[in-house]
Amino acid sequence: MSAVEVVHLTKVFGDKVAVREVSFRLEEGEFLVLVGPSGCGKTTTLRMLAGLEAPTRGEIVIHGRRVNDIRPRDRNVAMVFQDYAVFPHMTVYENIAYGLRSRRAPAAVIRERVPQAARTFRIDHLLDRKPRQLSGGERQRVALARAYVRDADLYLYDEPLANLDAQLRYQAREDILALHRQKGKPSIYVTHDQAEAMALGDRIAVMRDGRIEQLGTGAELYQQPHSRFVAYFIGTPSINLFGITLREETGSLVAEHAAFRLTVPPERRGALAPYRDRPLDLGIRPEDLHVPRLAPFPVDEGNQLQGIINVIEPLASGSVLYLSTLGEPAADFTATVRTRVPASYLGKAIPLAVNMAKVHFFDPETGLAIR
Amino acid sequence: MAVTAPVAPPPVPTAEPAAAAPTAAAQPAVRRWQVWAFVLPAILFQFFWGWYPMLVAIFLSLTNAPIRGQVTFVGFNNYARLLADPLVAMSFRVTFVYAGLGILLTFGIPILIAILLMEMPPRLIRVMMLLWFVPLSGIASTIFWQYMYNEQFGILQFIATEVLGLPPRAFLSNERWVIFWLIFPGILMFGPGLYYMTSLQSIPRSYFEAAEIEGASFWRKIWTISLPRMRPIISMSLIFAIIGSMQEFAFPDLMTRGGPNGASRTVVMYMFDILNDGRYGDATALSVMLFAVIMVLVLVYRRLVTDDPDA
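Residues numbered from 1 in each chain as written. Chains lettered and ligands numbered in written order. Predicted model: local features only at pLDDT ≥ 70, side-chain atom pairs only at ≥ 80, totals over all residues. Heavy atoms only, no water.

1. As for the pattern of salt bridges
Close approach of charged atoms allows side chains with opposite charge to pair. Rules: Every case where a carboxyl oxygen of Asp or Glu lies within 4 Å of a side-chain nitrogen of Lys or Arg is listed as a salt bridge.
Evaluated as defined, the whole model comprises 27 salt bridges over all chains. The closest approach of N and O atoms between Arg247(A) and Glu256(A), which form a salt bridge, is 3.2 Å.

Below, the structure written as structure tokens:
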């Protein structure tokens, strides 16, 4: 039996379908991230799990119990809100103790657990303060402590890091992960930040227009995206997409673009053959573009393209290059290379080797990947 | 009961701080001039309708305050005469009972009703807020209540005898009950409910949602979220209610003329009677006494109920 089971969950607001036919299972101790652009239905899905919205159709089962008609307070879930929802008129102690007191926990339990939860989140020196006197990061830790002080069956996070600055965000991620492991309970986490999703999720559900577009581990989403949308959404910088046409030439398939011609590896031939002479979308991850001299595969005419460097962004581990293809109309693309490219290359055309074993092809009409 | 317009006593300076002017020293001369230009109308208004009448009243209360002729300084004679007048003591007693009972019976109910109304669907909330805006004529509703209280034909008598089967009662002509029956309409007319509703609307929804998920019951949410968040507006409304109900005049005057036997004659009503006798010095002295009493009440209140910095 799965810890959490969501079956054909649908939510309709007026004539707008916010969530359609969302289904997934969550095992005990699993961390699932719902990620997607704003308005994709991820927060609505989370709110239905919490009981703050009633599903229009579908079922939510937590630990074998159908909770559709059960009030939020009887579902035994804990939730961390984007604005933290820390009560401003209560001290940190009272905030953390709120859930235990609501559930009439014995005073001894409250006295023991509240300082312990505060210690875990390094706010035990602030127990007598009011939220007004706390920083954003401390307030967020109060919200985490409030969620963790009692034993919920399911932990829900609604973009809890969205209002923190970058430094605090990494620290808070660690806090969330550490406590998730300690509790060993299923957790569902909503974010629009794919990097956060990749860092936190055991599995990730990419949502779009109320549907789950793809559900899988971060590596699966990255390496085998089901669709152009998932391929584009996951990964920074985003995947480069080129409109190409497949041509049959001397026994092999060639992806033909105004600015380059790339030979399709023979093992991809089977799936791609039906698309001969038809337009396709070719996806190349920025890190699958290599400086030819350093490419981990043999470079020839069939796996090279040229680009003019517009911007060079140095990184600790190399450079991000922002380039344009040669010819008109020029298409912009990005490459992450392992070498520091000197600024003298700006405005110059360089060859780049494409790792053809890792490129993706998408049907331009359906947006689905062709494998 | 709605706050009636203050009659004789000068307005009590409320605790509201004046709009904070920027620190003058840091401002260039032109800016400072502009600051004064904005503040001056308010200061003049306060002076001519607030402080000046108050000072004049204090001065007049120490004189014979004739309409024309020589103003004679009489020291505390007016006050001495008032303190010796048993009707003054009685009017203060009536006022305290009226204000105390009135606030006790009417103040909490609109808060509760506002909270319960906010649980209704959004469209109903808007209708309710609109209804609260509907202007009701105070005089018209007072006359309406006079008919309701009529001992022979009034609907309340009908309800008491025919519906509830109780013996007929003398609503406004019973000395023991008259103040209660004067306050009773106020229980049904929902005071500053609109303020409460807007204040409730400004509470972030996530507070209630978090409380709900944390296991709070309906009443616990009200007690731990709604009421604490409404505290500033409740505190302010209570001050106005105290000030207003200590100056109750129009409604009881129209309903009972202070009867029976002065059992519903408030201080301001008695002041009005004295004025009608032409005893202007005594009337101003009484108004200064009432002012002092209200001032003490407000100061005590401010001492007991401190501002919430977390509001």
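2. Some thoughts on the pairing of strand β8 (residues 187–191) of chain A
Residues and elements named next belong to chain A. Heads up, the condition is: Using a 1.4 Å probe on the protein chains alone, a residue whose accessible area is under 20% of its type maximum counts as buried, one over 50% counts as exposed, and one in between counts as partly exposed. In this text, helices come from DSSP runs of H or I with a minimum length of four residues, and strands from runs of E with a minimum of two, each type numbered from the N-terminal end. Criterion used throughout: strands pair if DSSP finds at least two bridges between them. When the strands point away from the viewer, a crossover counts as right-handed if the route from the first strand across the helix to the second turns clockwise.
Within β8, five of the five residues are buried, which leaves it mostly tucked inside the rest of the structure. Burial of the side chains of β8 extends over both faces: Ser187, Tyr189 and Thr191 are buried on one face and Ile188 and Val190 on the other. Bridging between strand β3 (residues 31–35) and β8 involves five bridges; their strand directions are parallel. Looking at β8, one finds that Val35 is bridged to Thr191. In this structure, strand β7 (residues 154–158) lies alongside β8, joined through four bridges in parallel fashion. Its bridge partner being in β8, Tyr155 is matched across the sheet by Ser187. Between the parallel elements β7 and β8, the chain passes through helix α5 (residues 166–183) in a crossover that is right-handed.

3. Observations concerning the sheet that holds strand β6 (residues 77–80) of chain A
All names here are of chain A. Stated precisely, the cut-off is as follows: Note on definitions: angles span 0 to 180 degrees between N-to-C directions of axes, and those axes are lines fitted to C-alpha atoms, for helices only across the stretch in contact. Contact between two residues is taken to exist if any of their heavy atoms lie within 4.5 Å; hydrogens are not considered.
Pairing within the open sheet is mixed, and its six strands lie in the order β6-β7-β8-β3-β9-β10. Each edge of the open sheet is held by one strand with a lone partner, namely β6 and β10 (211–216). Across this sheet, the average inter-strand angle for adjacent strands is 20 degrees, counted without regard to direction. The sheet contacts of helix α1 (residues 42–50) involve β3, β6, β7, β8 and β9 (203–208), and relative to β7 the element is tilted by about 145 degrees.

4. Here's the deal with the environment of Gln201(B)
All names here are of chain B. Mapped onto the secondary structure, Gln201 falls in helix α9 (residues 193–201). Distance from Gln201 to Leu55, taken between C-alpha atoms, is 42 Å for residues 146 residues apart in sequence. The contact partners of Gln201, leaving out residues within four places of it in the chain, are Met118, Ile125 and Met129.

5. Side note on the packing of aromatic side chains
Keep this limit in mind: Here the aromatic set is Phe, Tyr and Trp, taking the six-membered ring for Trp, and pairing holds for ring centres within 6.5 Å; pairs whose planes are under 30 degrees apart are stacked, those over 60 apart are edge-to-face, and all others are tilted. Note on geometry: a ring has a charge over it if NZ (lysine) or CZ (arginine) is within 6 Å of the ring centre and within 35 degrees of the ring normal.
Under the counting rule described, the total for this entry stands at 26 aromatic pairs over all chains. Here Tyr148(A) and Tyr155(A) contribute two aromatic rings whose centre-to-centre distance is 4.9 Å and whose plane-to-plane angle is 15 degrees, an arrangement assigned as stacked. The same class applies to Tyr148(A) and to Tyr155(A), which are both buried. Relative to Trp181(B), the ring of Phe180(B) lies with its centre 5.0 Å away and its plane at 75 degrees, an arrangement referred to as edge-to-face. Here Phe180(B) falls in the partly exposed class, since its relative accessible area comes to 23%. A relative accessible area of 12% places Trp181(B) in the buried class. Members of the aromatic cluster, joined through ring pairs, are Phe144(B), Trp145(B), Tyr149(B), Trp177(B), Phe180(B), Trp181(B) and Phe184(B). Lying across the ring of Phe87(A), Arg146(A) places its NZ or CZ 4.9 Å from the centre. Sitting over the face of the ring of Tyr98(A), Arg220(B) holds its NZ or CZ atom 4.3 Å from the ring centroid.

6. Observations concerning the confidence of the model for chain B
Residue and element names in this part refer to chain B. To keep it simple, the criterion reads: Known as pLDDT, the predictor's confidence for each residue is given on a scale from 0 to 100.
On average, residues of chain B carry a pLDDT of 80, and 86% of them reach 70 or more. Low pLDDT (under 50) marks residues 1–22, which in the prediction has 37 contacts with non-local residues, meaning those over four places away or in another chain. Across the assembled chains, the prediction reports ipTM 0.85 with pTM 0.79.

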